[in-house]
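Listed below are the residues making up each chain.
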Amino acid sequence: MKNLRPVGIIGTGKYVPEKILTNSDLEKIVETNDEWIVSRTGIRERHIAAPDEATSDLAYEASIRALASAGLKPEELDLIIVATITPDTIFPSTACVLQDKLGAKGAAAFDLSAACSGFVYSLATAVGFIQNGMYNNALIIGADTLSRITDYTDRNTCVLFGDGAGAVVIGEVPKGRGFQSFDLGAEGAGGPLLKLEGGGSRLPATVETVEGKKHFIYMNGREVFKFAVRVMGAATEKVLGKAGLAKEDIDLFIPHQANIRIIQSAMQRLDLPPEKCVINVDKYANTSAASIPLALVEAAEEGRMKEGDTVLMVGFGGGLTWGASILVW
Ligand code: UT7
């Protein structure tokens, strides 16, 4: 990618709904406790969308902040990609709903479904469009309202998820900066480990699918955990190699925020001290496609990245999928 037009992040924004659901709130809903949740996951609380808030609303709030920080008007946007598995509706896409809300007239708009890897998949897609000269800029949002597809009677999953959105504007940046490499991948055979079966063309919504809880997330946590540890390590090594870098070159590590134990195992493998890792799973839980951009935007807002810093992002999720990227800030 080094001889191509350099593309990087020129604006950032984030949004989480106001309502906070704590571990002690969950103790009143299911058979669980704060000690179990904190020790097994690192999560203390999560944000939950208001009844009248849908994914495009979260995405909109994050987007207007990202556009303001980029100094770009909505009508100047060429492309909008929303990474999500909780679109407002099956169609039209959430990106089209957002395009209209923003007033980004004429911008191309589509959703991308790669679960928790969706933001990195979307970045790679948009960077390609800009590098090949088709577009000059793009708005990429990772947004999910997982509370709408979470079964709050299932303690195996309901403690893990939250709602939120993170957005970035990408465009041409000075030489030497921007995205240096990507590694995307999938293992479709592992799809049944993490899924929502109902409401698609295989199993359209019926009274039976609703009664059978087929419109909620199903997850085999233990198997997804093993997959996560394996692919985080492999994708990290691959994306560093593609950029011609070593683990010592990483200034900031931004992993998918699913479980503190998965993050710690990746940090150990990379020999990274805590100050080089962004962790906010305690505040937001797993927000799927919003997880990496929420962490990235928060790190930017806290001034944790200096110009020229090497940033490694890596995520994994339903599909099963993974995605990693090296960015020079
Ligand atoms: O974005 C990608 C999506 N997902 C993930 O990244 C999740 C990956 N997996 C994980 O993070 C972990 O596997 C979990 C947090 C889901 C589970 O942690 P674990 O250490 O793998 O626990 P476990 O599934 O082995 O369950 C241990 C015990 C079980 O009881 P028994 O069978 O040993 O008696 C569970 O029933 O913990 C029990 N348990 C709970 N106890 C209290 C499961 N959920 C809860 C809970 N509160 N909420």
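- In the annotation of an unreviewed UniProt entry, the protein chain is listed under the name Beta-ketoacyl-[acyl-carrier-protein] synthase III and assigned to Paenibacillus forsythiae.
- Per UniProt, the protein chain has the following entry under Subunit (unreviewed entry): "Homodimer."
- Quoted verbatim from the Pathway (unreviewed entry) field of the UniProt record, the comment on the protein chain reads "Lipid metabolism; fatty acid biosynthesis."

1. A word on the packing of aromatic side chains
Okay, step 1: Throughout the structure, instances matching the rule amount to three aromatic pairs.
Okay, step 2: Where Phe-129 meets Tyr-135, the ring centres are 5.4 Å apart and the plane angle is 65°; that geometry is what we call edge-to-face.
Okay, step 3: Ring centres 6.4 Å apart and planes at 55° place the aromatic pair Phe-227 and Trp-322 in the tilted group. One end of the pair, Phe-227, is in helix α8 (residues 221-242); the other, Trp-322, is in strand β13 (residues 321-328), with 95 residues separating them in the sequence. With respect to burial, Phe-227 and Trp-322 carry one shared label: buried.

2. Focus: the sheet that holds strand β12 (residues 310-317)
Paired through backbone hydrogen bonds, the strands of a sheet run either parallel or antiparallel to each other.
Okay, step 1: Read across the sheet, four strands follow the order β8-β13-β12-β11 without closing on themselves; strand pairing throughout is mixed. In this open sheet, the two edge strands, each paired with only one partner strand, are β8 (178-186) and β11 (252-255). Neighbour to neighbour, the strand axes of the sheet diverge by 10° on average, direction disregarded.
Okay, step 2: Both β8 and β13 contribute to a ladder of eight bridges, which runs antiparallel. Bridged to Leu-184 within β13 is Gly-323.

3. Thoughts on the pairing of β12
Okay, step 1: Buried residues dominate β12, accounting for eight of its eight residues.
Okay, step 2: In this structure, β12 lies alongside β13, joined through eight bridges in antiparallel fashion. In the sheet register, Thr-310 faces β13, and the bridge partner there is Val-328.
Okay, step 3: The antiparallel hairpin formed by β12 and β13 contains three residues in its connecting segment, where Gly-319 sits at a positive phi of about 140°.

4. Things to note about helix α5 (residues 118-131)
Okay, step 1: Helix length check: α5, at 14 residues, gives a terminal C-alpha distance of 20 Å against a target of 20 Å (1.5 Å per residue), a fit within 8%.
Okay, step 2: For α5, a buried count of 11 out of 14 residues is recorded, marking the element as mostly surrounded by other parts of the structure.
Okay, step 3: Turning to α5, its buried residues number three or more, namely Gly-118, Phe-119, Val-120, Tyr-121, Ser-122, Leu-123, Ala-124, Ala-126, Val-127, Ile-130 and Gln-131.
Okay, step 4: Taken from the residues just after α5, Gly-133 is the one with a positive phi, measuring 90°.

Calculation criteria
- Residues numbered from 1 in each chain as written.
- Predicted model: local features only at pLDDT ≥ 70, side-chain atom pairs only at ≥ 80, totals over all residues.
- Heavy atoms only, no water.
- UniProt positions renumbered as here; feature names shortened; annotations may be inferred.
- Phe/Tyr/Trp six-rings, centres within 6.5 Å; stacked < 30°, edge-to-face > 60°.
- Helix = DSSP H or I, 4+ residues; strand = E, 2+ residues; numbered from the N terminus.
- Buried < 20%, exposed > 50% of the residue type's maximum accessible area, 1.4 Å probe, protein only.
- Pairing = 2+ DSSP bridges.
- Axes fitted to C-alpha atoms, helices over the stretch in contact; angles between N-to-C directions.
- Expected span 1.5 Å × (residues − 1).

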